[in-house]
Amino acid sequence: ESLWNAADPFAVATALLQQSLGDDSLQVRPATPRERPDSEVDRGRMVLVEGLPWARVAAGTSILDDEPTWRAVEAAVARIGLHTHLVAQEGERARAVELSRGRLLDAADRERALIGAGLGEEVVRPLTHCATQLAEWPHLAVELRGTASDVSTLLGGIAPVHLGEGRLTEAVRGLCAR
């Protein structure tokens, strides 16, 4: 269990294979991307992951000369390599989703602020102006002032000050972290 928490997949593969095969000389090392599978055979046999060189497996004994053993070792190392590759891809996708989520929240925050400003200018101000012009109909002026107040209250919910200017993104990240 604690092996899988190790940061080095080659150390994981080496430890698992040494334990499984009882050969402490067995080593799994990273291959360079330019290596050809048949090059430097003395450094070990090549394991490919998704068609690319991923690891070299070498042993100080002849254990890898047995073809069925080699095929089993190759398959195990390739699975560890594929797992490592998939975990890295998933991490990249998760980072991309997080960045996208932040951009969406920021855009929504800006849009809410624009809508709030527009409604304040286009609705509240004319209602208030009309209310001041209706001195001879006080009950109507009270209604208009009340409507302007209600719209202002609604606008407070469209672009909440405490979540504006990027704080909405931080709030959602905080909720996700919990």
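Everything below is about the structure printed above this text.
Attention in this report is confined to the structure presented alongside it. Remember, predicted model here, so these are calculated numbers, not experimental data. Every chain's residues receive numbers from 1 upward, in the order its sequence appears when written. Where totals are concerned, whole chains, interfaces and linings use all residues; where local detail is concerned, this predicted model gives features only for residues with pLDDT of at least 70, and gives and counts side-chain atom pairs only at 80 or more. To obtain the side-chain values, all non-hydrogen atoms of the structure were included, while hydrogens and water were left out.

So, on to the environment of threonine 61. By the secondary structure assignment, threonine 61 is in the loop between β3 (52–58) and α2 (67–133). A sequence separation of 38 residues divides threonine 61 from aspartate 23, and the C-alpha atoms of the two residues are 7.9 Å apart. In this analysis, two residues are considered to be in contact whenever any of their non-hydrogen atoms come within 4.5 Å of each other. If we ignore the near neighbours within four places in the chain, the residues touching threonine 61 are Asp23 and Ser25. Whenever two N or O atoms come within 3.5 Å, that pair is a polar contact, provided that in protein one can donate a hydrogen and the other can accept it, and provided that, for residues adjacent in sequence, both atoms are side-chain atoms. A polar contact of 2.4 Å, which involves the side chain of threonine 61, links it to the side chain of aspartate 23. Helix and strand definitions here come from DSSP, where helices need a minimum of 4 consecutive H or I residues and strands a minimum of 2 consecutive E residues; each element is numbered from the N-terminal end.

Only one rule defines a salt bridge in this text: a Lys or Arg side-chain nitrogen within 4 Å of an Asp or Glu carboxyl oxygen. For the structure on display, the rule yields five salt bridges. Linking glutamate 67 and arginine 45 is a salt bridge whose minimum nitrogen-to-oxygen distance equals 3.6 Å. You can see glutamate 67 sitting in helix α2 and its partner arginine 45 sitting in strand β2 (residues 45–49), a full 22 residues away along the chain. A relative accessible area of 27% places arginine 45 in the partly exposed class. Taking the shortest distance from any N to any O, the salt bridge between glutamate 90 and arginine 93 comes out at 3.6 Å. One end of the pair, glutamate 90, and the other, arginine 93, are both in helix α2, three residues apart, so they sit about a helical turn from each other. Accessible area is worked out with a 1.4 Å probe on protein chains only. A residue is then buried under 20% of its type maximum, exposed over 50%, and partly exposed in between. Residue classification places arginine 93 among the partly exposed residues on the basis of a relative accessible area of 47%.

So, about the environment of glycine 120. Structurally, glycine 120 can be placed in helix α2. For glycine 120, a relative accessible area of 22% puts it in the partly exposed group. In this structure, the C-alpha to C-alpha distance between glycine 120 and alanine 148, residues 28 residues apart in sequence, is 9.0 Å.

Take helix α1 (residues 9–21) next. Residue pairs three or four apart in sequence face the same way in an α-helix, which turns once every 3.6 residues. To estimate how far a helix should extend, the number of its residues minus one is multiplied by 1.5 Å. Here α1 contains 13 residues, and its C-alpha end-to-end distance of 18 Å stays within 8% of the 18 Å for a straight helix at 1.5 Å per residue. Restricting attention to buried positions, one finds in α1 the residues Pro9, Phe10, Val12, Ala13, Thr14, Leu17 and Gln18. Of the residues that open α1, the one with a side-chain oxygen 2.9 Å from the backbone nitrogen of phenylalanine 10 is aspartate 8. Trailing α1 by a residue or two, glycine 22 shows a phi angle of about 65°, which is positive.

Contact geometry for α1 and α2: axes closest at 10 Å, N-to-C directions at 150°. Relative to α2, the element α1 is oriented roughly antiparallel. Like other packed secondary-structure pairs, α1 and α2 cross with a definite hand, here right-handed. The segment α1 lies against α2, with Pro9, Ala13, Leu16, Leu17 and Leu21 engaging Thr69, Val73, Ala76, Val77, Ile80 and Thr84. Each residue gets one label: Ala, Val, Leu, Ile, Met, Phe, Trp, Tyr, Cys and Pro are nonpolar, Asp, Glu, Lys and Arg are charged, and the others, such as Gly, are polar. Residue classes in the contact of α1 with α2 are distributed as nine nonpolar, two polar and no charged. Convention adopted: a line fitted to C-alpha atoms gives each axis, helices being fitted over their contacting stretch, and angles between N-to-C directions are expressed from 0 to 180 degrees. Throughout, the term roughly parallel applies to angles under 35 degrees, roughly antiparallel to angles over 145, roughly perpendicular to angles from 65 to 115, and oblique to all others. Put simply, a crossing is left-handed when the front helix is turned counterclockwise from the back one by less than a right angle, and right-handed when it is turned clockwise.

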